[in-house]
Structure formats: C-alpha cells, structure tokens
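Summary of the model geometry
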Protein chains: 4
Amino acid sequence: MSIPQKSRQYILPAGRKNGYKKLTITEVEVPKLKATEVLVKVHAASLQYRDLMIAYEHYDPCLAGREIVPGSDMAGEVIAVGQDVTDWKAGDRVCANFSPAHLHGDPTPATMAAALGAFEPGVLTEYRAFPAAGLVRIPKHFSYQQASTLPCAALTAFNALNGRANPIKAGDTVLILGTGGVSIFGLQFAVASGATVIATSSSDEKLKIADKLGAKHLINYRNAPDWEEEVLKITKDVGVDHVVEVGGRGTIYKSIKSVRIGGGVYVIGILSKGDFPQDIFRLILLRAAEVRGILIGSVAQFRDMVKLIEANPEKTTPVIDKVFKFEDGVAAFAHLESQKHVGKVVIQVSKD
Amino acid sequence: MSIPQKSRQYILPAGRKNGYKKLTITEVEVPKLKATEVLVKVHAASLQYRDLMIAYEHYDPCLAGREIVPGSDMAGEVIAVGQDVTDWKAGDRVCANFSPAHLHGDPTPATMAAALGAFEPGVLTEYRAFPAAGLVRIPKHFSYQQASTLPCAALTAFNALNGRANPIKAGDTVLILGTGGVSIFGLQFAVASGATVIATSSSDEKLKIADKLGAKHLINYRNAPDWEEEVLKITKDVGVDHVVEVGGRGTIYKSIKSVRIGGGVYVIGILSKGDFPQDIFRLILLRAAEVRGILIGSVAQFRDMVKLIEANPEKTTPVIDKVFKFEDGVAAFAHLESQKHVGKVVIQVSKD
Amino acid sequence: MSIPQKSRQYILPAGRKNGYKKLTITEVEVPKLKATEVLVKVHAASLQYRDLMIAYEHYDPCLAGREIVPGSDMAGEVIAVGQDVTDWKAGDRVCANFSPAHLHGDPTPATMAAALGAFEPGVLTEYRAFPAAGLVRIPKHFSYQQASTLPCAALTAFNALNGRANPIKAGDTVLILGTGGVSIFGLQFAVASGATVIATSSSDEKLKIADKLGAKHLINYRNAPDWEEEVLKITKDVGVDHVVEVGGRGTIYKSIKSVRIGGGVYVIGILSKGDFPQDIFRLILLRAAEVRGILIGSVAQFRDMVKLIEANPEKTTPVIDKVFKFEDGVAAFAHLESQKHVGKVVIQVSKD
Amino acid sequence: MSIPQKSRQYILPAGRKNGYKKLTITEVEVPKLKATEVLVKVHAASLQYRDLMIAYEHYDPCLAGREIVPGSDMAGEVIAVGQDVTDWKAGDRVCANFSPAHLHGDPTPATMAAALGAFEPGVLTEYRAFPAAGLVRIPKHFSYQQASTLPCAALTAFNALNGRANPIKAGDTVLILGTGGVSIFGLQFAVASGATVIATSSSDEKLKIADKLGAKHLINYRNAPDWEEEVLKITKDVGVDHVVEVGGRGTIYKSIKSVRIGGGVYVIGILSKGDFPQDIFRLILLRAAEVRGILIGSVAQFRDMVKLIEANPEKTTPVIDKVFKFEDGVAAFAHLESQKHVGKVVIQVSKD
C-alpha cells in the first residue's frame, strides 16, 4: 500500500465551550516517520468518558484552551515502518497502547503525559505515526472495530484484576459495579478466569446483559440501595475477593464494606456524586483492605490481555453498542453522553 | 448418630513381600477423641500410585517391615467432635488433608511425617479420628466418592499451577504430561482458569478424554517421540508457560525444552525410566526456567481449591474410573496396578 | 517449676467511666490447661494506645460496660503444657501473638475476636494459658522486657513493610510518620532491610532518636507543615516507595501525596484530627497508590520477624521508655497517656 | 566534547585457536548515531569468565570462526545523543545493560541475541553507540572502574536474590558458593538486605575477604568436602533460604541438599566438574525446592540494583582485584584465567 500524503482528522478547537459540539474534521499532512516509528492506518476508534471530559475541559486544567486531536483508543493496520523498526511490517494489525510510552511496570509522569488524545494528539485521524514499542498485536479473531475497544476500558479492567497483591484466580468472587465499558470487560475477564461475578446495575435490562455474559448474581441497586448488604448475604458475610470500583465518592464506602478481610478494591472511576464518611480509612483498616488506584496499563499487560482473549474467545467478545461513520463524530459523542448505551461506542475511521 | 465402638480397617501386614496381596481387613476399637479431634465416618477412599509403592515397600525405606493402615485420600462425615472443637459439627462433610498437620505455607519435616497412610495410619478404615484443623469442607455438589479423589492428586495439581512465582492466569499455556490422576486434575484446573492446555498420551483413546475435558492440543507421543518439538511448533517456538511434570527421569529433559524462557516446570512424579543428560542444569539456565518440586499442599490451599471447584462445577467433575466395594480392596489395588484406568480408583468404605 | 494455684491480675472494672484509673489487682485461680494449651508465667507486658482506648471505652462499642483483663503484649516463660502439646516445654521463652488464633494468611472475624485484652482476657496477669499454636519463640538475645514490646507494634510494622504487593527491598525509600511504637519499629526494620528512611516528628529531640536509629532524612513538621513537599524534594519529585501511615484523618492526604506512583501507603492509625478532602480517591487513582489496612499480623509473620531481629541485632533493639512495677499499673497507663515517651512503656509483671 | 572520528577497539580474530592470545587492537570509524542511540566514551570495562569462554570458542558453537569485539561490561560517559533521545545528555555517567535490548520481564531469544561481546560487538572499544533504552545511570558515588563491574556479575546476583517466588528479605539465610564475581556481589547484596550469609571457599585467605564483607559463617570445603552437612549444622537441620549456585554439575546436588524445604537454588554457573546422581529431581521434589536459571537481568532490575547500592554504600563497594591498561588486554585475560583473583579484573579503556 502506498503511503498517503493527507490524513483527515478531528480536532476539538481551542475556543470550544460547549464540549464536543464544535468537533471539526480537518486535513493534515501525514507525518514523516522517525526511525523507530510506525505509520498506522486507523480503521476504528472507540470513545471513552474521558473523551467527553476532555471536550468539556473537565479533565486536566492544563488542557483547557488547547486545540486537541481527540481519542485514545484505536485499532488499525501498519502501512509503513521507520528504518530501525524490526518488530512490525506492513499489514500487521495493531492497537496503540493508551500511553504508547508505558511499556512495563508502574506508570511515571512521563508515560502519563504521553497518553493519546490529551497532551499528545489522539487517534480520530486516518493515519498516525506511533512509536513501534507502543503498539500491540490485536487478537487474531477480532475485527478492527472490536479491537478498538481494548486500549482504555479493557486494559484497565485487566490491570485491576491482575495486580501484584491479589491477582484473580479461579474460584474468587468479583463484584462489578455497573455496566460501563470497564465493568463489562471486568465481568468478562473474571468469568474467563474461572471467578464468580456479582454484577450491579440500576436497570434490569442491563442486568440481563450481565447475566448473559456470565454474571452469577445480579443486584438492581434501585431496589436495593444498600447493595453492600446483598453482597454480604450472597457471600455469607465473608465479602468478595475483588471490587472493580468505577463509582467513586458515591459508592466507595459501600464497596469497602463489600470486600472480604484482606481483599482488594480497585479504584477506577471517580464520577458518582455523594460524600463518604470521614471514617473511611478506619473501615479500610478494619477490612485490612487493599485499595489500589488503576491507571490503565502497560504494553506488557496489554500483551497478556491479548493472550487471555485469544484463549477464551467465546467469553470475551467486546460488547459494541453502536458504530458511527467517521463523519458522524458529533453524533457519536452525543450518544456516549446520553448514557443509554451498554458497551462501547465505536467510530469507523477508515473503510476496512 | 451414635458413636460406633468398632471400626473395620485394612492393614498391610508387616511380613508382606508381594505388595498389596496380603491386604487384610481387621477390626479395631474406635479411638477416644482428644479435645481437638474429630471423629469421621469414612464413606469413600481413593487410591494413589503411592499406595502401591508403600505396599511394595518401594516408598520410604524406613517404612519397610512395618504394619501399615494404607490410604491417604478419603471423604466422610463428621460423627463426633472433641470438647475444644468449634469449627465442625456432626453431619459436616469433609476430606482430611493429605498431611493433616500441613496447615499453610511450606511443608516441614514434621508435616511430612504426619501424612496419612505411611508413618501415620491411613484412611482405609470405617471410622477415624483426625485433628480438627486438618479437615476441609468438601465441594457442596460433590458426592463422597468424588470428594475422595481430591486430597493427593487434585491438590498436587492445584499447588503446581498456583505457585508463588508464576501462578496460572487466563491465557497461559499449560503442558500436561499423560492422563494420570494429577494430570487430569491439572488439565481441568487449567481449563477452569482460562488457560490453553496441550495434553500428551501414548493412547488415542485417552487423548479423546483429554479432548473432552477441554484440552486444545493433543499429542500422541507414540507417534511423536520428540513431543517437545510438537509443543514448540504449537507455541510457535515460544514454549509453554507451565509444565505439569509427572514423568521424571524419562521426560524432564524434554519438559524443560518445552517451557518458555522464564516459565515453570513442576516436578511431581519421578517414575518414568531413562536417563537425562548431565547438561540439564545448563538447559535450566538457558531457559531461565523455574523448576519446582511439589509436595501435595496445605489445608489453606485445599480450601482455595474447593472454591475453584464450586465456582466451575462443569469443568471440574472428577474422573472416576471404577468404584470397588470395601471388601474388594485387593482387586482395587490390582486395578490400579494394571494402569488401564483413566481417572481415579475409588473404594466405597461405608454405605452412604 | 511447680504450677502455681493463684495468679494476680489486673481488671478494668465494668463500671469504669474515667478510663484506667480504676484498674485493680485481683487474685484468680490459675486455669486448668486444655490438652492443646500452654501455661505461661508472664514476665513483662507492654502497653499500647489501644489499651488506653479500651480503658476509656472508645475502642469497640460492644466492649463498653464489660469487665476486662487488659493488655495484649507480653513475654514470658512456659511453665506447663497440655497433654497434646509437643512444640513447647517448660522453660521455653515465648510471646503470645496479638490474636493467638491468627496463625497465617489474612485475619478473619474469628481471629479478630480472639485478640488479647478485649473480648478475651488480656496479659496483665501473672499466669495465663494460651493455645500452643498462638505462641512464638522470642529472639534469643532479648530480655523478657524487650520481647514484650513485639506483639502489637513491631508485628504491625513488619506486616506493613512486608506485604504481598510491594514487599520492602534494599534500596527502597520509606516514610515513617512520628516516633510512636509502630513507627520506631518500622524505622528499625526498614533500616535493617537496607532501605532509606525519612522520619517526621514535631520534636527535634525525638528526631535525634530517629537519627540515631538510622533515619537518613529528618523532617520536623512543626517547621514544615507541608511536609509532603519536603518528602518530594528529598526524593526528587518521585515520592517514596512506602509510607507507614499512623496518623489517619489528619495525615492521610499528605501521605498519599508523598508516595511514588505505584507505591504503598499502609494504614495503621486513625487517631489524628482533621478532615481530608473528598477527592482523596482521585488522588489514590492518580498515584496508582496501594492503600492497605494493617491488622497486626499472624503467627507465621511473627516467626519471620524474629528471624529478621536475630539476624540484625544491632539495628533492632527495642526502644523502651520506662519500666513500671506490676503494682504501678495506673502510673504506667498515665505515663502512656501523657505522650511524653519515645518507645514502649513496659510493666514488669513477675520477677525474672 | 567534540565527537571523535576513530575508536581503538580490540578484536578476537576469526582464525584464533589459542583463545585470547591473538587479541588485537584495531582502529575503526566511530559509527553514525541512529535517532535513538547514544554515543558513549567507554572509560572502563571488566572481564567475565564468559569472555574467556568466547575467546576459546567454548561459549556458543555459532560464534566459532567469527571475528568478535569482546567484552560485555563497561561504564562510560555520554558523548552525544541521537535526535530522538530525550533521556540522556552529554556528560551522563552510564553502564550498558548486558543485553541492551532486555528492558524488563523475562528475556527472549531476541534479547539474548543482543547481548554485548558475542553476536553483537562488545565494549573493549573507546567509543560505542548503544540504544538509549539499554543504558542505566551508575551509582553516584562510584568511579567508572567500579561501575564497570556491575552489568554481568552484579545484576546476576541481584536477579537471583530478588526473584518472583522467594525474594530475599531481612532475616533470610543465604548460601554463597565460592568467591567469584557473582558470589561476592551476592554476598554483599544479601548482607545489605539484612540477611545472614554462609560463604564457602577452598581458601582461608578468600574466606577472610568474605568475612570482612559481612559473611557470618565460613566453610573451607577443602577441609569439609561434605559442606552441605556443615550448612545443615549451622541452620539446625533446616537448610538455607537461598543458594547462589555458581558451581554446576559438581555442586548442584549438595546445594539442593543445603536448601530448606520450599527454598530457592539459583543456577548461575555450570562450570565445575563431576557428575550428579540421576535421582536429583527426586531430591528437588522432596525439598519442594525452587531451582531457577538466572540469565543476567533487565534494565528495570539494573535500576533497582543501583537504588540498593546507593542506599547501602558501605556494604556494596565492588571488590576490584586489579586494573590493567587498555594496551594490556592480553595480560588482563591471562590474569582472569589464572583464577588467582578475588573480585573483578578491570581494563581502563580511556583515561578518565
């Protein structure tokens, strides 16, 4: 395939105020590859809540007033490689890691600053150069659309469940809050790992999906506002081994009440409203809980996640809510904002 | 249930020479319970290769010339508890751990000496007292016969796959040698944990069983004496993450060749014939392999294994080859010796 | 040594209101040993802040209105053993674990309820029976007074630094808040492990002691109320690997700011005043911090701690502030309450 | 500093037969830097037994008949950086990792092929380009000569003692065989980590050095050919927690006998003569030993090792036996071959 000269890409203009509504398609030069870079044709991208926050300038104050190429998650095809690249060749099917600089181990300020779609240009573009070391081969049986859902949501869930202290093992019990992107992947990975899942939602319809994906216990927290009591009932007052905590201020106290002594609560989201009591660290102490913040994950973890997916294809099919055409970026953001979706919102960037 | 006064039990007499053929049923007093002991009615027992070795006096030279109550693996029902026992009550369904003194962590000479059916009396008896701390609740959905297969073979497999260095995780690849008791459980636990299994056997019939239990790749080593080459082919020259090594001298060299750099080889059996080259530690070095000896496991691990089994009931049903009546102990040992079985040989000790 | 018939012991009477001031010595029968118990002559006991809280009925509401034998930490000499005890013999020098039922792994509600000096009678008594499994041999070179300081404070510090996720290793940097019992042991164990310690205090005098014990960096937080900024300066904006967090509400926010991305904050105390912002879990997320509650520790960990102490005798001598006679229990509690001490307050229970 | 045009470097010519005696200094062009490379002025290099083996064509058959630039271990100064390098600048003091491609985690065939001084040109050269990611900052207080001893021997020792299964902790007991490069660093790192060291040697003089470096127990195996018995005596029949196994065929059996049940034996060297019995895997099984092959280590581990060294400067000063001038390379190899040294043989490549 010959290397194109132009790439159509979205920008969030600098003077936006009303979030994503001024998303605009522009045309830019395809960059010259550095020696260790790879040029990728982006086939599909998926959206995150983070993309909305960035659009509304609620994410990082330092980003306010900047023009941004949005989007962190994509899957695509290698078009060309820099002169020192030996790992990739044209035709390879790849995802970029959320932070292409985060290769292994803990993140650092430098790897965090390299995350896509914020201080660094994002992936809502037809062609983009990435550092070769920041790419990962996608699961063989995945379409580009499916693979585009992995970098942020799936890797966060994988990292949460496979930590150093309490890595998930078959027979563990996992509490999954809600049915957002991270939660759905957490549910699937837990089931694929032989664990028992308790899923919560405010909607019976969404709980049906959780049930279909293998959750063994379902709690509609509309009907059970003290859902932590339900969790303790199900686990015979022991509590669960792991909580995928996507709620934040409004749920964290109940999550810590739900965990067994010595279990893990993985802090992923911080969005829900409400305050928790100041004695929460007393609660952490009394549960001997391990509360761990999760910052997406590394290239090394991404590779392990691909192994998990390829070994468990029936249990790990990404749930895609809706696919939008490249031109319909504003509609895609609006759909994400509506919170009616279960599963991921995907944009088809280039034709396959 | 009233406490019985007599217990029928098997002994291997001191003057045996021809192995298990002099197995005799005797009648003994049911022991008085110590304050921390539990009296268990043994419903079912399963046999191990170790039981044959002990019968033939090939196991531990210090055992030669001793009268032995054989059998290490059983499941039964609590009949009575000592005065300081608070964890158990009559009617509870339990297994004894292989060494009831091995509660957690690494074994010690003392816990090894406490193993059942060797220096300590075994379980081929109708009623036996056990230390309360050495018992484990059996999986809820298991029959006594099924549960009797767990203590030695299953826990060895569980311990091998869930070590400190490289605990199994979904997506790993596991090489299982043969279809003996440990190997079958290893296969099942690996599949339940979301791993990919490569199974070997000299018999296509046995491989069919491995296939049914979820093995993804099958190697008949009659047709492929260089089976390690097949393993490397299947794994694209990377090698597997884990080898459940039950062969010993005749297979260990090939097993180490089969493992990926940094992977684990778990030494369980030492029975096969043949010599390995003296450069085997050079091979271990070049593979950066972790070769780990497995000595059954602890009560704490047994409890984790029960969690795994209860969470994955379809994938972990014990494979029972044949059940013998209590009176047919010699026939049961003979069947085990014939090596025609796939799965466990069980003796029904008491009527359920 | 003949078994005594009477034991003098302290009680906090049921109708106390003013804390420890009604502490009274009574005389009770020495209990008959159960088969698995050991009778210990208590030589020395050390006091904890917990003992004060229990005296003031601030510890656990369910304890209010109960008569209590106070004290959790002691060292003494084995006088007699129950008929099934094989591990101990008269003359052995031992500590009881804080919860003699917590043998290994995570605590449980049952092991927590078995902690000494609360729902179970404590150790401010001349003779006490303990379950054999709950005792630990004391360091060979320690006096009874020294050993009496270990069960609660030292084991908490050891458990914090030797967790599953981020066990301390030589070269790590550890932040120690204050110079209370846990903090001093944390400092000593960190230094003995080859780590670099940053110590804080409000008193230059106390910092001198920290300096003498091997702390490399000292921060007087009177002069530096934003001590987390000092910590970041010392670590070149990276943050420390571990924080021994004994403060609670008033310090936890700064502690999390002090830790490196991916580092550990061990929640031990919850006493200091002040509120933290509700965005604290956002901070945990952004630091990918591991915040872990520490509930003392197990017998297995106690044994490992004794190994550490015996291998590093010069660096791990307990700091004892003052030793009181048995009759001066009220004065000992008062001295503890005054907070003028650095190091442990010890009561000599029996003559050595 | 201006970039030089020529670099004097050693080669082992293709037609050598008699090992290192044909070592020759040639002059080559300083290479043009790739975008992600760094040009380093090599100040000092240290020799390994591996360098001798390569010279004698005993290392890897595929290397036979090839011209080789020898040497894997060096320390030097950054002279210039490629256009995409942001981590390094002129003047930085660095070591190259043994395999500059081994960044983290387990090695791979590709990282092993990238090791210096074999298939890739080595470091006995005045100026050499390295990939930026393969360099590590050296300890601040080290001279270049001291730092040149770290890459192979020290990192191997560090990797052995800090594995996944049984990382060293204060209070552990470590058996160190001999006083070669890896063993001396193993001794120092163990002592710095608060462990107790048992050292062996055939020479009382060398044992004196081990004593000075902090070994607590010394065994001269000339006088005690059954040195494993001495080890068991010292450890009261328990065995040690870790063995740094540098001997190979002649010592491995005794090493496994020396380890505690559940302890670790780290296979590093394979040189000593002698055969071990074929039942060695039975021994591994009965000790539940973890036998692990060590292939040097990664850049991430190297960084952790530098932290350890900087935090424990008094205990980790490299032992340098002798320093040779660049022109005296043959003499340096001869001195290494003589095996009279304790500690490292260093070549001063450039003037500081």
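Keep in mind that this is a model prediction, so the values were computed, not measured.

1. A short note on the overall build of chain A
Each helix and strand in chain A was counted, giving eleven helices and 15 strands. Since a compact globule built from 352 residues should have a radius of gyration of about 20 Å, the 20 Å found for chain A is in line with a globular shape. Once the C-alpha set of chain A is aligned to its principal axes, its extents read approximately 60 × 45 × 35 Å. Taken across its 352 residues, chain A has 61% of its residues classed as buried.

2. Overview of the sheet that holds strand E11 (residues 240-245) of chain B
Read across the sheet, twelve strands follow the order E10(B)-E9(B)-E8(B)-E11(B)-E12(B)-E13(B)-E13(D)-E12(D)-E11(D)-E8(D)-E9(D)-E10(D) without closing on themselves; strand pairing throughout is mixed. Edge positions in the open sheet fall to strand E10 (217-220) of chain B together with strand E10 (217-220) of chain D, since each of these has one partner strand only. Direction aside, the axes of adjacent strands within the sheet are offset by 15° on average.

3. Quick look at the interface of chain A and chain C
Each partner contributes to the interface: chain A provides 35 residues, whereas chain C provides 35 residues. Across the chain A/chain C interface, buried area totals approximately 3,100 Å², and carbon plus sulfur atoms make up 66% of it. The interface formed by chain A and chain C holds two salt bridges in total. Where Asp 106 of chain C meets Arg 260 of chain A, a salt bridge forms, and the shortest distance between an N and an O atom there is 2.9 Å. Counting across the interface, chain A meets chain C through eleven residue pairs in polar contact (both at pLDDT 80 or more). Elements that contribute at least two residues to the side of chain A that touches chain C include exactly helix H2 (109-113), strand E12 (259-267), helix H9 (280-286) and strand E13 (290-293) of chain A.

4. Notes on the domain arrangement of chain A
All names here are of chain A. Here chain A is partitioned into domain 1 (6-149 + 318-348) and domain 2 (156-293). Relative to domain 2, the C-alpha centre of domain 1 lies at a distance of 29 Å. Of the residues lining the interface, eleven residues belong to domain 1; the matching set on domain 2 comes to ten residues. Here domain 1 packs against domain 2, burying approximately 740 Å² in sum over the two surfaces, 72% of which is carbon and sulfur. The interface formed by domain 1 and domain 2 includes one salt bridge. Between Asp 106 and Arg 164 there is a salt bridge; the shortest N-O distance is 3.7 Å. Looking at the side of domain 1 that touches domain 2 residue by residue, the class counts come to five nonpolar, four polar and two charged.

5. Quick notes on the relation of the copies chain B and chain A
You can overlay chain B on chain A at an RMSD of 0.0 Å; the transform is a turn of 180° with a shift of 0.0 Å along its axis. Interpreted geometrically, this transformation is the action of a two-fold axis. Across chain B, the rotation axis passes nearest the C-alpha of Ser 193 of chain B, at a separation of 2.4 Å. Interface overlap between copies: 100% of the residues of chain B at the interface are likewise at the interface in chain A, consistent with a symmetric, same-surface contact.

6. Describing the interface of chain B and chain A
Taken together, the 18 residues of chain B in the interface contact 18 residues of chain A. Across the interface of chain B and chain A, roughly 1,300 Å² is buried in total on both sides, 44% from carbon and sulfur atoms. On the chain B side of the contact with chain A, Lys 169, Ala 170 and Lys 307 of chain B bury the most area, a combined 30% of that side's loss. Across the contact surface, chain B and chain A share four salt bridges.

7. Focus on the environment of Lys 6 of chain C
Residues and elements named next belong to chain C. Here Lys 6 shows up in strand E1 (residues 6-11). The partly exposed category is assigned to Lys 6, whose relative accessible area is 41%. For the pair Lys 6 and Pro 31, spaced 25 residues apart in sequence, the C-alpha separation works out to 8.9 Å. Excluding residues that lie within four positions of it along the chain, Lys 6 makes contacts with Glu 27, Val 28, Glu 29, Val 30, Glu 126 and Tyr 127. Separated by 2.8 Å, the side chains of Lys 6 and Glu 29 make a polar contact.

8. So, the UniProt feature "domain: Enoyl reductase (ER)" (unreviewed entry) in chain A
Following the UniProt record, the feature "domain: Enoyl reductase (ER)" (unreviewed entry) maps to residues 19-347 of chain A here. Helix makes up 29% of residues 19-347 of chain A and strand 25%, with an end-to-end C-alpha separation of 18 Å.

9. With respect to the relation of the copies chain A and chain C
The operation relating chain A to chain C is a screw motion whose rotation component is 180°, with 0.0 Å of axial translation and a residual RMSD of 0.0 Å. Interface overlap between copies is the fraction of interface residues in one copy that are interface residues in the other; for chain A against chain C it reaches 100%, indicating a shared surface.

10. Examining unusual backbone geometry
Even without being glycine, Ala 288 of chain A reaches a positive phi, approximately 45°. For Ala 288 of chain A, the location among the structural elements is in the loop between H9 and E13.

11. Looking at the pattern of salt bridges
Overall, the coordinates contain 72 salt bridges over all chains when judged by the stated rule. Of the charged contacts, one joins Asp 92 of chain B and Lys 89 of chain B as a salt bridge, the two residues approaching to 3.0 Å between their closest N and O atoms. Given the relative accessible area of 15%, Asp 92 of chain B is considered buried. Between Arg 260 of chain D and Asp 241 of chain D there is a salt bridge whose closest N-O contact spans 2.6 Å. Taken together, the positions of Arg 260 of chain D in strand E12 (residues 259-267) and Asp 241 of chain D in strand E11 (residues 240-245) put the pair 19 residues apart, joining distant regions of the chain. For the pair formed by Arg 260 of chain D and Asp 241 of chain D, the shared burial category is buried.

12. A word on the side chain of Asp 92 of chain B
All names here are of chain B. Mapped onto the elements of the fold, Asp 92 is located in the loop between strand E4 (73-81) and strand E5 (93-96). At 2.9 Å, the side chain of Asp 92 and the backbone nitrogen of Lys 89 are in polar contact. Those residues in contact with Asp 92 that lie beyond four places of it in its chain are Gly 76, Glu 77, Val 78 and Asp 87.

13. Observations regarding the packing of aromatic side chains
Overall, the coordinates contain 28 aromatic pairs over all chains when judged by the stated rule. An angle of 80° between the planes, with centres 5.3 Å apart, marks the rings of Phe 276 of chain B and Phe 281 of chain D as edge-to-face. Of the two residues, Phe 276 of chain B is situated in the loop between strand E12 (259-267) and helix H9 (280-286) and Phe 281 of chain D in helix H9 (residues 280-286); the pairing between them involves two chains. Judged by its relative accessible area of 4%, Phe 281 of chain D falls in the buried class. When the ring of Phe 281 of chain B is compared with that of Phe 281 of chain D, the centres are 6.0 Å apart and the planes differ by 0°; the resulting orientation is stacked. Taken together, the residues span two chains, with Phe 281 of chain B in helix H9 and Phe 281 of chain D in helix H9. In this pair, the class of Phe 281 of chain B matches that of Phe 281 of chain D, namely buried.

14. Examining the packing of helix H4 (residues 150-161) of chain D against helix H5 (residues 181-192) of chain D
Between two packed helices, both the angle of their axes relative to each other and the distance between the axes serve to describe the pair. All names here are of chain D. At their nearest, the axes of H4 and H5 sit 8 Å apart, and the two run at 50° to each other. Between H4 and H5, the crossing angle belongs to the class labelled oblique. Two packed elements cross with a definite hand, and for H4 against H5 that hand is right-handed. Here Leu 150, Ala 153, Ala 154, Thr 156, Ala 157, Phe 158 and Leu 161 of H4 come into contact with H5, specifically with Gly 181, Val 182, Phe 185, Gly 186, Phe 189 and Ala 190.

15. Thoughts on the environment of Ile 25 of chain B
All names here are of chain B. The topology assignment puts Ile 25 in strand E2 (residues 24-29). Take Ile 25: its relative accessible area is 30%, and that puts it in the partly exposed class. A sequence separation of 302 residues divides Ile 25 from Glu 327, and the C-alpha atoms of the two residues are 7.9 Å apart. Setting aside residues up to four positions removed in sequence, Ile 25 forms contacts with Arg 8, Gln 9, Tyr 10, Phe 326 and Glu 327.

16. Digging into helix H6 (residues 204-212) of chain B
One side-chain oxygen of the residue at the start of H6 of chain B lies 3.2 Å from the amide nitrogen of Glu 205 of chain B, identifying that residue as Ser 203 of chain B. Positive phi shows up at Gly 214 of chain B, right after H6 of chain B, with a value of about 115°.

17. Section: empty space enclosed by the protein
In total, this model carries six cavities of 30 Å³ or more according to the counting rule given. For the largest cavity, the calculated volume is near 80 Å³. Along its surface, the largest cavity is lined by Asn 162, Ile 168, Lys 169, Ala 170 and Ser 193 of chain A together with Phe 158, Asn 162, Ile 168, Lys 169, Ala 170, Ser 193 and Leu 308 of chain B. Empty space within the second largest cavity amounts to approximately 50 Å³.

18. Topic: the environment of Ile 198 of chain B
Residues and elements named next belong to chain B. Turning to its location among the elements, Ile 198 is positioned in strand E9 (residues 196-201). A sequence separation of 114 residues divides Ile 198 from Asn 312, and the C-alpha atoms of the two residues are 20 Å apart. Setting aside residues up to four positions removed in sequence, Ile 198 forms contacts with Thr 173, Val 174, Leu 175, Ile 176, His 217, Ile 219, Val 231, Ile 234, Thr 235 and Val 240.

Conventions adopted
- Residues numbered from 1 in each chain as written.
- Chains lettered and ligands numbered in written order.
- Predicted model: local features only at pLDDT ≥ 70, side-chain atom pairs only at ≥ 80, totals over all residues.
- Heavy atoms only, no water.
- Helix = DSSP H or I, 4+ residues; strand = E, 2+ residues; numbered from the N terminus.
- Rg over C-alpha atoms; globule rule 2.2 N^0.38 Å.
- Buried < 20%, exposed > 50% of the residue type's maximum accessible area, 1.4 Å probe, protein only.
- Pairing = 2+ DSSP bridges.
- Axes fitted to C-alpha atoms, helices over the stretch in contact; angles between N-to-C directions.
- Contact = heavy atoms within 4.5 Å.
- Buried area = accessible area lost by both parts, 1.4 Å probe.
- Salt bridge = Lys/Arg side-chain N within 4 Å of Asp/Glu carboxyl O.
- Polar contact = N/O pair within 3.5 Å; in protein donor to acceptor, adjacent residues only side chain to side chain.
- Domains from an automatic or database assignment.
- Nonpolar A, V, L, I, M, F, W, Y, C, P; charged D, E, K, R; others polar.
- Least-squares fit on C-alpha atoms with pLDDT ≥ 70 in both.
- UniProt positions renumbered as here; feature names shortened; annotations may be inferred.
- Phe/Tyr/Trp six-rings, centres within 6.5 Å; stacked < 30°, edge-to-face > 60°.
- Parallel < 35°, antiparallel > 145°, perpendicular 65-115°, else oblique.
- Left-handed = near helix turned anticlockwise from the far one by under 90°.
- 1 Å grid on protein atoms, 1.4 Å probe; cavity = no way out; pocket = protein on both sides within 12 Å on 5 of 7 lines; lining within 4 Å.
- Points joined across faces, edges and corners; volume = space filled by probe spheres on them.

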